[in-house]
Amino acid sequence: MYLLAVVGNLIIVALVCAAPQLHTPMYFFLCNLSSVDAIYVSAILPKMLSIIITEDKTISFLGCLTQLYFFMFCALNENYILACMAYDRYVAVCSPLHYSLIMTRKVCFILTTSYMIISAMNSLMLTIMTSILSFCYSYKINHFFCDITPLMALSSSDTHNMKMILSLESLFASVIFLFILTSYVRIISTVIKIPSSKGQLKAFSSCLSHIITVLLFYGPSIFMYLKPDSEDSKEQDKIISMLYVAVVPMLNPFVYSLRNKDVLGAARKTAKIIWSRIKHF
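Everything numeric in this text was worked out from a predicted model, so none of it was measured. Residue positions are counted from 1 within each chain, in the order its sequence is given. Only residues with pLDDT of at least 70 are given local features in this predicted model, and only at 80 or more are side-chain atom pairs given and counted; all residues enter the totals for whole chains, interfaces and linings. Excluded from the side-chain calculation are hydrogens and water; included are all heavy atoms of the structure.

**Examining the UniProt feature "transmembrane region" (unreviewed entry) in the chain**
Under the UniProt annotation, the feature "transmembrane region" (unreviewed entry) is placed at residues 68-87, 108-135, 171-189, 201-219 and 239-258. In residues 68-87, the share of helix is 100% and the share of strand is 0%. The end C-alpha atoms are 29 Å apart. From the first C-alpha to the last, residues 201-219 spans 25 Å; its make-up is 100% helix and 0% strand. UniProt positions are given in the numbering used here, feature names are shortened, and annotations may be inferred rather than shown by experiment. Think of it this way: any DSSP run of H or I at least four residues long counts as a helix, any run of E at least two long counts as a strand, and we number them from the N terminus.

**Comments concerning the packing of helix H2 (residues 25-54) against helix H3 (residues 61-94)**
Interaxial distance between H2 and H3 falls to 9 Å at its minimum, and their mutual angle equals 160 degrees. What the angle tells us is that H2 and H3 run roughly antiparallel. The two elements H2 and H3 cross, and the hand of that crossing is left-handed. When residue character is reported, Ala, Val, Leu, Ile, Met, Phe, Trp, Tyr, Cys and Pro are called nonpolar, Asp, Glu, Lys and Arg charged, and the others, Gly included, polar. Taken together, the residues of the contact of H2 with H3 sort by class into 17 nonpolar, three polar and five charged. Helix axes are fitted only over the stretch in contact, all axes being lines through C-alpha atoms; the angle between N-to-C directions runs from 0 to 180 degrees. Angle categories: roughly parallel below 35 degrees, roughly antiparallel above 145, roughly perpendicular from 65 to 115, and oblique for all the rest. Crossings are classed by handedness, with left-handed meaning an anticlockwise turn of the near helix from the far one by less than a right angle and right-handed meaning a clockwise turn.

**Thoughts on helix H1 (residues 2-18)**
To estimate the expected span of a helix, count its residues, drop one, and scale the result by 1.5 Å. Along its 17 residues, H1 runs 24 Å from first to last C-alpha, staying within 8% of the 24 Å computed at 1.5 Å per residue. Per-residue accessibility, obtained with a 1.4 Å probe over protein chains only, is compared with the maximum for each type, and a residue is labelled buried under 20%, exposed over 50%, and partly exposed between these values. Every buried residue of H1 is listed here: Ala5, Val6, Gly8, Asn9, Ile12, Val13, Leu15 and Val16.

**Things to note about the nonpolar core**
Definition used in this section: a nonpolar core is a set of buried Ala, Val, Leu, Ile, Met, Phe, Trp, Tyr and Cys residues joined via side-chain atoms within 4.5 Å. If you look at the biggest cluster of nonpolar residues, it comprises 76 residues, and the most contacted ones within it are Phe29, Ile44, Phe71, Met85, Ile148, Ile180 and Tyr218. Per element, the largest residue contribution to this core is 19 residues, and it comes from H3. Excluding anything up to four places from it in sequence, Phe29 contacts Ile81, Cys84, Met85, Met103, Cys108, Leu111, Thr112 and Tyr115. A contact between two residues is defined here by any heavy atoms of the two lying within 4.5 Å.

**Digging into a nonpolar patch on the surface**
Together, Ile117, Met121, Leu124, Ile128 and Ile132 give the surface a local cluster of nonpolar side chains, amounting to about 510 Å² of exposed area. By the secondary structure assignment, Ile132 is in the loop between helix H5 (105-131) and helix H6 (148-154). To count toward a patch, a residue needs a relative accessible area above 30% and no salt bridge. Like charges then connect within 9 Å, nonpolar side chains (Val, Leu, Ile, Met, Phe, Trp, Tyr) within 5 Å. Note that accessible areas follow from Shrake-Rupley with a 1.4 Å probe, and for residues the cover is restricted to the protein chains shown. Take a side-chain nitrogen of Lys or Arg and a carboxyl oxygen of Asp or Glu: if they are within 4 Å of each other, that pair is a salt bridge.

**Quick look at the packing of aromatic side chains**
To describe a pair of aromatic rings, one takes the distance between the centres and the angle between the planes. When two rings of Phe, Tyr or Trp (its six-membered ring) have centres within 6.5 Å they constitute a pair, described as stacked for plane angles under 30 degrees, edge-to-face for angles over 60, and tilted for the intermediate range. This model, assessed by the stated rule, comprises 11 aromatic pairs. Here Tyr69 and Phe73 contribute two aromatic rings whose centre-to-centre distance is 6.0 Å and whose plane-to-plane angle is 10 degrees, an arrangement assigned as stacked. Linking Tyr69 with Phe73, this pair stays in helix H3, spanning four residues, or about one helical turn. According to the relative accessible area criterion, Phe73 is buried, its value standing at 13%. Feature note: the residues Tyr40, Phe71, Phe144 and Phe145 constitute an aromatic cluster, connected by ring pairs.

**Quick look at the UniProt feature "signal peptide" (unreviewed entry) in the chain**
Cross-referencing UniProt, the feature "signal peptide" (unreviewed entry) maps to residues 1-18 in the present numbering. Secondary structure across residues 1-18 divides into 94% helix and 0% strand, with the first and last C-alpha atoms of the span separated by 25 Å.

**Comments concerning unusual backbone geometry**
Positive phi, normally seen in glycine, also occurs at Glu55, with a value near 60 degrees. Structurally, Glu55 is set in the loop between H2 and H3.

**Description of H5**
When the terminal C-alpha atoms of H5 are compared, their 38 Å separation across 27 residues agrees well with the 39 Å that a helix rising 1.5 Å per residue should span. Within the sequence span of H5, burial applies to Cys108, Thr112, Tyr115, Ser119, Asn122, Ser123, Leu126, Thr127 and Thr130. Packing partners of the buried residues in H5 comprise H2, H3, H6 and helix H7 (160-192).

**A few points about empty space enclosed by the protein**
Lining residues are defined by having an atom within 4 Å of a point belonging to a cavity or pocket. Those points lie on a 1 Å grid over the protein atoms alone, cavities being sets where a 1.4 Å probe fits but cannot get out and pockets being open sets with protein on both sides within 12 Å along at least five of seven lines. Grid points are joined across faces, edges and corners, and a volume is the space filled by probe spheres set on the points. A complete count under the given rule lists one cavity of 30 Å³ or more for this structure. In terms of lining residues, the largest cavity is bounded by Leu76, Asn79, Tyr80, Glu169, Phe172, Ala173 and Ile176. Of all the secondary-structure elements, those providing two or more residues to the lining of the largest cavity are H3 and H7. By residue class, the composition of the lining of the largest cavity is five nonpolar, one polar and one charged.

**Re the state of the cysteines**
Whenever a pair of cysteine sulfur atoms sits within 2.5 Å, that pair is classed as a disulfide. For the structure on display, the rule yields one disulfide. Free cysteine Cys31: the closest other cysteine sulfur is in Cys17, separated by 4.4 Å. In this structure Cys31 comes out as buried when scored by relative accessible area, which is 11%. No disulfide involves Cys108; its sulfur sits 8.3 Å from the nearest other cysteine sulfur, which is in Cys84. On the basis of relative accessibility, which here comes to 5%, the residue Cys108 falls in the buried class.

**Description of the pattern of salt bridges**
Using the criterion set out here, one finds one salt bridge in the structure. Its salt-bridge partner being Asp88, residue Arg89 comes within 2.9 Å of it at the nearest N-O pair.

**Observations regarding the confidence of the model for the chain**
The pLDDT averaged across the chain works out to 84; a share of 91% of its residues lies at or above 70. pLDDT is a residue-level measure of predictor confidence that goes from 0 to 100. Of all the helices and strands in the chain, helix H10 (residues 261-280) carries the lowest mean pLDDT, 69, while H5 carries the highest, 93.

Laid out in structure tokens, this is it:
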């Protein structure tokens with residue numbers, strides 16, 4: 001799963017960078033998403049694999065904080081990237097004549113820089129707040145990676161302020177999710193008004209990959225926060241965490257390549273160029 005996730009996402013990044021036909025806002029954000037996914041799995045799964053192979057379940061304090069920082073940084077980035085991709089599809093379907101005027105390279109660069117800085121600063125703040133907590137009672141993290149909730153549960157310090165900040169973070173993530181939902185409600189209502197079924201299919205197919213990615217990313221999170229608390233709740237949370245930490249980054253490249261003619265076409269063209277150079281060499 002780790003190899004599939006890293007190799008698959010790096011192939012998407014390489015294709016978007018190499019193929020001129022993929023130099024569009026939609027694939028620019030897809031390139032960002034794939035880059036974040038590759039970092040996401042690399043922050044967590046190698047250590048987990050090391051634990052499985054060596055049976056050494058220890059992690060250094062600095063290593064734990066580093067893992068926590070990159071986990072939160074990538075999770076926050078994915079939220080913003082999916083929102084940008086939803087807005088991009090909204091403009092493409094609902095205002096196609098103004099698309100090139102709205103989704104310019106400058107706008108894409110500003111959006112990307114903004115969410116990268118916000119995610120980096122937000123993650124750094126939460127990591128620093130976690131680093132100054134006292135851990136007197138236990139050093140056993142009830143999770144398979146360093147997440148902020150199990151670390152707070154271990155702490156003997158007052159975590160009221162951190163819980164308030166995390167509640168605000170969850171509220172903001174909910175607002176982003178509602179923005180994505182609203183964008184797709186508008187997109188679907190616009191697609192329905194297209195007179196020809198061929199035009200409807202073409203418009204909807206351009207959004208299908210992103211819809212699947214949104215469902216894969218938010219589905220486990222929504223289930224985790226909506227399910228009732230029970231004795232087995234923590235064990236269930238671990239299993240659900242595995243879905244969005246390992247499974248979703250692995251599936252994203254397949255979602256965007258198997259049903260996407262532009263990506264498949266770019267892959268074939270790039271493969272032919274590489275093969276011709278190998279033969280010539």
